[in-house]
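# Structure assessment
The lines below spell out each chain.
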Amino acid sequence: MGASPEFSDLWERYDVRLHTHGSKTFHHPDVGDLTPGYQKMQIEGTLAQRLVVYYAEPGTPDQDKLAILDMDQIDQSAPHPAHDAH
């Protein structure tokens, strides 16, 4: 079974590009679907290590969802007052 002519043409051109930015959709069990933007950056002096930063545009539902998750994280890490044992 042979490759399609379109695939053969693409393979010959070897037009490969890194995906350094864009958006990705995630499903979080607490806030539902969110689609933040992302930016990948090469870390100088390393072998193929990259830093990926996700962000939400200001004023979007995604920003609101990330704020909810951030507040939830703060609530979970806050010290809880000791119960009185009287």
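As shown above, the structure is provided for reference.
Residues numbered from 1 in each chain as written. Predicted model: local features only at pLDDT ≥ 70, side-chain atom pairs only at ≥ 80, totals over all residues. Heavy atoms only, no water.

Under the criterion given, the structure shown has three aromatic pairs. A ring pair is formed by F26 and Y54, whose centres lie 5.5 Å apart and whose planes are at 80°; its orientation type is edge-to-face. One end of the pair, F26, is in strand β2 (residues 26–28); the other, Y54, is in strand β5 (residues 50–55), with 28 residues separating them in the sequence. Here F26 falls in the partly exposed class, since its relative accessible area comes to 37%. Summarising the aromatic geometry, the rings of Y38 and Y54 are spaced 6.1 Å apart at their centres and angled 50° between planes, so their arrangement reads as tilted. A residue pair is termed long-range when its members are at least 10 positions apart, and Y38 in strand β4 (residues 37–42) and Y54 in strand β5 qualify at 16 residues. (Phe/Tyr/Trp six-rings, centres within 6.5 Å; stacked < 30°, edge-to-face > 60°. Helix = DSSP H or I, 4+ residues; strand = E, 2+ residues; numbered from the N terminus. Buried < 20%, exposed > 50% of the residue type's maximum accessible area, 1.4 Å probe, protein only.)

Within a regular beta strand, the side chains point alternately toward one face of the sheet and then the other, so they alternate between its two faces. As judged from the three bridges shared by strand β1 (residues 21–23) and β4, these two strands associate in the antiparallel manner. Looking at β4, one finds that H21 is bridged to Q39. Sheet topology places β4 next to β5; six bridges connect them, and they run antiparallel. If you follow Y38 over to β5, its bridge partner there is Y54. (Pairing = 2+ DSSP bridges.)

By the definition in use, this model includes one salt bridge. For the salt bridge of R13 with D9, the shortest nitrogen-to-oxygen distance reads 3.6 Å. Remark: D9 and R13 occur in helix α1 (residues 5–13); sequence separation between them is four residues, near one turn of the helix. (Salt bridge = Lys/Arg side-chain N within 4 Å of Asp/Glu carboxyl O.)

Attention now goes to the sheet that holds β4. Reading across from one edge, β1-β4-β5 is the order of the three strands in this open sheet, with antiparallel pairing throughout. Of all strands in the sheet, those bounded by a partner on one side alone are β1 and β5. Strand-to-strand twist of the sheet, defined as the mean angle between neighbouring strand axes without regard to direction, takes the value 25°. (Axes fitted to C-alpha atoms, helices over the stretch in contact; angles between N-to-C directions.)

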